[in-house]
Amino acid sequence: MIWKISFPPLSTLAVLSKTINPVHLQHYAHYSSSPLLPVSKINVQVVHAKKIKDGSAQNSSIINYVLNLYTKSNHLASAQKLFDEIPQKDVRTWTTLISGFSKFGLNGNALWLFIKMQKEGIVIPNRFTLSSVLKCCSSVSNGLRLGKSIHGWMVTAAVDLDVSLENAILDLYVKCEAFDYAKRFFQLMTAKNVVSWNIMLAGYLDTEDMETSVQLFQIMPEKDVSSWNTIIHGLLQHGFDRDALKLLRQMTLDGPSFNEVTFSISSALMASLRNLELGRQIHGKVRRLSISKDMRVRASLIDMYCKCGQMDKASRIFQELRQGSVEVQHPHSVLWSTIISGYIHNSMLKDALEVFSSMVRDQLEVDVFTLSSILSASANSGLLELGWQIHGYVQKLGHIWDIFFISAIIDMYAKCGKLDSARLFFEQTQTRNIVVWTTMINSYAIHGQGSDAVQLFEFMLNQMIAPNEVSFVSVLTACGHAGLVKEGCKYFRLMKQVYGIKPGVEHLSCMVDLFGRAGCLEEAYGFIHEEGISNMSEVWKVLLSSCLVHKNVKMARHVSEKLLELQPSEHSPYILLSNTCSEHENWDEASKLRGLMKERKVMKLPGQSWT
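Residues numbered from 1 in each chain as written. Predicted model: local features only at pLDDT ≥ 70, side-chain atom pairs only at ≥ 80, totals over all residues. Heavy atoms only, no water.

### A look at the packing of aromatic side chains
Going by this rule: Here the aromatic set is Phe, Tyr and Trp, taking the six-membered ring for Trp, and pairing holds for ring centres within 6.5 Å; pairs whose planes are under 30 degrees apart are stacked, those over 60 apart are edge-to-face, and all others are tilted. Helix and strand assignments follow DSSP, with helices taken as H or I runs no shorter than four residues and strands as E runs no shorter than two, numbered in order from the N terminus. Whether a residue is buried, partly exposed or exposed follows from its accessible area with a 1.4 Å probe, protein chains only, as a fraction of its type maximum: under 20%, in between, or over 50%, in that order. By definition, being over a ring means that NZ of Lys or CZ of Arg is both within 6 Å of the ring centre and within 35 degrees of the ring normal.
Overall, the coordinates contain 16 aromatic pairs when judged by the stated rule. Ring geometry for Phe83 versus Trp94: centroids 5.1 Å apart, planes at 80°, classification edge-to-face. Of this pair, Phe83 sits in helix α4 (residues 76-85) while Trp94 sits in helix α5 (residues 91-103), and the two are 11 residues apart along the sequence. As far as burial versus exposure is concerned, Phe83 and Trp94 are alike and both buried. Aromatic side chains Phe472 and Tyr499 sit 6.0 Å apart centroid to centroid with 55° between the ring planes, which places their arrangement in the tilted category. Taken as a pair, Phe472 in helix α27 (residues 469-482) and Tyr499 in the loop between α28 (485-498) and α29 (505-517) lie far apart in primary sequence, 27 residues in all. For Tyr499, a relative accessible area of 31% translates into the label partly exposed. Feature note: the residues Phe457, Phe472, Tyr491 and Tyr499 constitute an aromatic cluster, connected by ring pairs. Directly above the aromatic system of Phe83 lies the positively charged group of Lys89, at a separation of 5.0 Å from the ring centroid. Across the ring face of Phe186, the terminal group of Lys192 is positioned such that the distance to the ring centre comes to 5.0 Å.

### Focus: the UniProt feature "repeat: PPR" (unreviewed entry) in the protein
Keep this limit in mind: UniProt positions are given in the numbering used here, feature names are shortened, and annotations may be inferred rather than shown by experiment.
Residues annotated in UniProt with the feature "repeat: PPR" (unreviewed entry) correspond here to residues 90-124, 193-227, 294-328, 332-366 and 433-467. Secondary structure across residues 193-227 divides into 74% helix and 0% strand, with the first and last C-alpha atoms of the span separated by 12 Å.

### With respect to unusual backbone geometry
With phi around 60°, Glu177 is a residue other than glycine that occupies positive phi space. Examined against the element boundaries, Glu177 turns out to sit in the loop between α9 (163-175) and α10 (179-188). Here Glu177 falls in the exposed class, since its relative accessible area comes to 73%. Even without being a glycine, Arg274 presents a positive backbone phi close to 55°. For Arg274, the position within the fold is in the loop between α15 (260-273) and α16 (276-288).

### What to know about the side chain of Asp411
For clarity, the cut-off: Contact definition: two residues touch when any of their heavy atoms are within 4.5 Å.
Examined against the element boundaries, Asp411 turns out to sit in helix α23 (residues 403-415). When near neighbours in sequence (up to four residues on either side) are disregarded, Asp411 contacts Ala379 and Thr439.

### Some points on the environment of Gly448
The residue Gly448 is located in the loop between α25 (434-446) and α26 (450-462) in this model. Judged by relative accessible area, which is 39%, Gly448 ranks as partly exposed. As a C-alpha pair, Gly448 and Cys479 span 31 residues in sequence and 8.8 Å in three-dimensional space.

### Describing the environment of Cys137
Following the sequence through the fold, Cys137 ends up in helix α7 (residues 127-137). Take Cys137: its relative accessible area is 0%, and that puts it in the buried class. Sequence separation between Cys137 and Leu172 is 35 residues; the distance between their C-alpha atoms is 7.0 Å. Leaving out residues up to four positions away in the same chain, Cys137 has contacts with Leu111, Gly143, Leu146, Gly147, Ile150, Leu172 and Cys176.

### Details of the nonpolar core
Put simply, the rule reads: Here the nonpolar core consists of buried residues drawn from Ala, Val, Leu, Ile, Met, Phe, Trp, Tyr and Cys, with membership extended through side-chain atoms lying within 4.5 Å.
In this structure, Ile150, Ile302, Ile339, Tyr491 and Leu543 are the most contacted members of the largest nonpolar core, which totals 177 residues. With nine residues, α23 is the largest single contributor of residues to this core. When near neighbours in sequence (up to four residues on either side) are disregarded, Tyr491 contacts Val454, Phe457, Glu458, Phe472, Val475, Leu476 and Cys479.

### Points about the pattern of salt bridges
The following threshold applies: A side-chain nitrogen of Lys or Arg and a carboxyl oxygen of Asp or Glu constitute a salt bridge if their distance falls within 4 Å.
This structure, assessed with the given rule, holds 12 salt bridges. Between Lys175 and Asp171 there is a salt bridge, and its shortest N-O distance comes to 3.1 Å. Of the two residues, Lys175 and Asp171 are both situated in helix α9; the distance of four residues between them amounts to about one turn of the helix. In this structure, Asp513 and Arg517 form a salt bridge, with 2.7 Å as the shortest nitrogen-oxygen distance. Linking Asp513 with Arg517, this pair stays in helix α29, spanning four residues, or about one helical turn. Exposure remark for Asp513: the relative accessible area of 19% places this residue in the buried category.

### Some details on the packing of α23 against helix α24 (residues 419-428)
Operational definition: Comment: axis = line fitted to C-alpha atoms, over the contacting stretch for helices; angle = value between 0 and 180 degrees taken between N-to-C directions. Geometric relationships in this document are graded by angle, where less than 35 degrees denotes roughly parallel, more than 145 denotes roughly antiparallel, 65 to 115 denotes roughly perpendicular, and other angles denote oblique. Here is the rule for handedness: rotate from the far helix to the near one, and if that takes an anticlockwise turn smaller than a right angle the crossing is left-handed, while a clockwise turn gives right-handed.
Where α23 contacts α24, the axes come no closer than 7 Å and their chain directions differ by 160°. Taken together, α23 and α24 sit at an angle that is classed as roughly antiparallel. The two elements α23 and α24 meet at a crossing, and its hand is left-handed. Between α23 and α24, the contacting residues are Ile406, Ile409, Ile410, Tyr413 and Ala414 on the first element and Leu419, Ser421, Ala422, Phe425 and Phe426 on the second.

### With respect to helix α30 (residues 521-530)
Applicable threshold: Think of the arc as the fan of directions from the helix axis to the C-beta atoms.
Three or more residues of α30 are buried, namely Leu521, Ala524, Phe527 and Ile528. Buried residues of α30, viewed axially, fall in a sector of 120°; they line one side. Exposed residues on α30 whose side chains face more than 90 degrees from its buried face are Glu522 and Glu530. Contacts made by the buried residues of α30 are with α28, α29, α31 (537-549) and α32 (553-566). In the segment just after α30, Gly532 is the residue with positive phi, at about 65°.

Spelled out as structure tokens, the structure:
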């Protein structure tokens, strides 16, 4: 194979070895108690002791066998100790420990060991060694440079590249986001199998080139179930739900049989589409094939029913799992999190709290997502006492330094009317990122304290923290509520000109609202045309509300006509303008608008009351 890329020299391995920080294996001793491991620590030690006692531990095959048992059972500290004691190490010895580190995510250790192997220069790595090492490169800093060095060494040493090793190289370039290298390498591969094509398919999906991804999928000479899962899941992730559904239907006709991953993706797709009928069909097929014990399938089915508003179905699946198998209660808290989120999404806070209380009572692990969901629910419902309890529970768990919790707690106090508590907690927090700053700025905004929001935003900029899109929405909202027109215009220009953020609908609506609240209706009208957003109904709705507040009937009529042109079936422009006409005793025009609504069959949503 002719490779036209300049590789870093082999000496780069020595340089990069200084950046590899192997983990002290003693910290991983707790893995030995995992009930999921196929070989217990006691059994491996017994085998090892017997081999030492009968003298066979001197045999390289036997000692490599014992080393392999240690790595497979995830007792890597014991494996490292044994490895260090072996006087004559062959390629299998090195490869066994390197692949063991790689398998359990200790990528730094695996790379450090490989570099040590290269420095000693006694044993030459084989294809299995190189494949394990290449898998580690994408998970460490400088991984691309290190991977290219290894690839370059392989070319220089004329290593015979089989398709499996070529796939490892290809996967490295894709995962390290060196997609140009990946495309060139893929073209030069002499033998490609379905794994090669799947790696490239995933790469194109990661670059969000959906058109090329679908084209590549269509021309693949061979498609396995992983190919179908990859393209359907990729389309779903990037919002192409209908295209994903078409391919799923095609898969049922022309593709391979579904596996557990396919059913999980299919349920997620039906949840996104809110397609309850197809979701039920998928559930029925899962039951017929007796694969409903798979955790991903369970969670995706519960999530599908939750998002389709069928909480009775979701609850039934969850309760069946709780009553039918003890195993689902501890290791798989994702099921609990899913059902709690479903209750919250469907405004069933009482049921969500009951499940959450069961988790706490049974001493189950509560993940970040679940706690954040409960906090958000208590904030949106104004349940301050519940928020206090969750805050205390989070402190007890030691999760208080998690960024998402910090933001959720600040938001909860602000929405429950305790702005001082939100500010106090914010000031006590040592770990702050843009999410935490934005949450506090938004807290001031929703309380109408625009000056404090602006002051905090300026302080954030002085701390060299770059604002994002949400930050600007918060500060622009604060400026609008406080009538700070000059400051709002300044931040809008700052967003575009300094930070290069393209204004979205929310930013533009905030600016129209900023002008409108201050009574600068002409400026708001001019802003809409200057920004070229006269086709956005959202900004016209904001301007119409301002026109009504300031009783500018002439402009309100003009804005309403524009809205009726953009959204002839939307009821709000008719109602707002009709009410304005009635307030100014222009009964004829109000009656005409009501008649026009009836003629166009525009339905007004019925009013509701808390009483």
